[in-house]
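Structural characterization, general
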Amino acid sequence: MGLQKKYLKSKPVGKVTFRLPQEAASNATAVNLVGEFNSWDKTALPMTKLKSGEFKVTIDLPVGRQYSFRYLISRPDGRVWENDWAADKYETCTFSGAENSVLVL
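Residues numbered from 1 in each chain as written. Predicted model: local features only at pLDDT ≥ 70, side-chain atom pairs only at ≥ 80, totals over all residues. Heavy atoms only, no water.

Considering the overall build of the protein chain
- For the protein chain, the count of helices and strands is 0 helices and 9 strands.
- Counting from the amino terminus, helix and strand elements in the protein chain follow one another as β-β-β-β-β-β-β-β-β.
- Against the 2.2 N^0.38 benchmark of 13 Å for 105 residues, the protein chain shows a C-alpha radius of gyration of 13 Å, consistent with a compact globule.
- When its C-alpha atoms are laid out on the principal axes, the protein chain stretches across 45 × 35 × 20 Å.
- A buried classification covers 42% of the 105 residues belonging to the protein chain.
- For the protein chain, long-range pairs separated by at least 24 residues make up 61% of all intrachain contacts whose partners lie at least 6 apart in sequence.
- Here the protein chain has roughly 6,000 Å² of accessible surface; of this, 49% comes from carbon and sulfur atoms.
- Counting 15 positive and 11 negative side-chain charges, the protein chain places the averaged centre of each group 7 Å from the other. (Helix = DSSP H or I, 4+ residues; strand = E, 2+ residues; numbered from the N terminus. Rg over C-alpha atoms; globule rule 2.2 N^0.38 Å. Buried < 20%, exposed > 50% of the residue type's maximum accessible area, 1.4 Å probe, protein only. Contact = heavy atoms within 4.5 Å. Areas by Shrake-Rupley, 256 points an atom, 1.4 Å probe, with all protein chains shown as cover. Lys, Arg positive; Asp, Glu negative; His and termini not counted. Charge placed at Lys NZ, Arg CZ, Asp CG, Glu CD.)

As for the pattern of salt bridges
- Considering all chains together, one arrives at 3 salt bridges under this definition.
- The partner of D88 in a salt bridge is K5, with the nearest N and O atoms 2.7 Å apart. Of the two residues, D88 is situated in the loop between strand 7 (78–82) and strand 8 (89–92) and K5 in strand 1 (residues 2–7); the sequence distance between them amounts to 83 residues.
- Owing to a relative accessible area of 37%, D88 belongs among the partly exposed residues under this scheme.
- The closest approach of N and O atoms between K15 and D60, which form a salt bridge, is 3.0 Å. (Salt bridge = Lys/Arg side-chain N within 4 Å of Asp/Glu carboxyl O.)

No statement about biological role is implied by the geometric values presented.
This is the structure we're talking about:
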């Protein structure tokens, strides 16, 4: 798992690649990246499944901020939320009481 960050020299934007490893996504039929950057829309950022079994998506985000996020994993037996094991930090969600992953740019 992991977050890869690349900062653009031409503008205050970070290109961030989110990866969910095969171990975390076992039996997944789909994975969506859900967070503050897409108003917690459960369908806005579908991740691509790679031959290795991991899921990946790259997005551009403004730097100088932090963003809460989670992965929504769809499986034949239902959907589950997963945090990024390599997040910059974690914070408790005021609505659900669950922990969210946090990306710091």
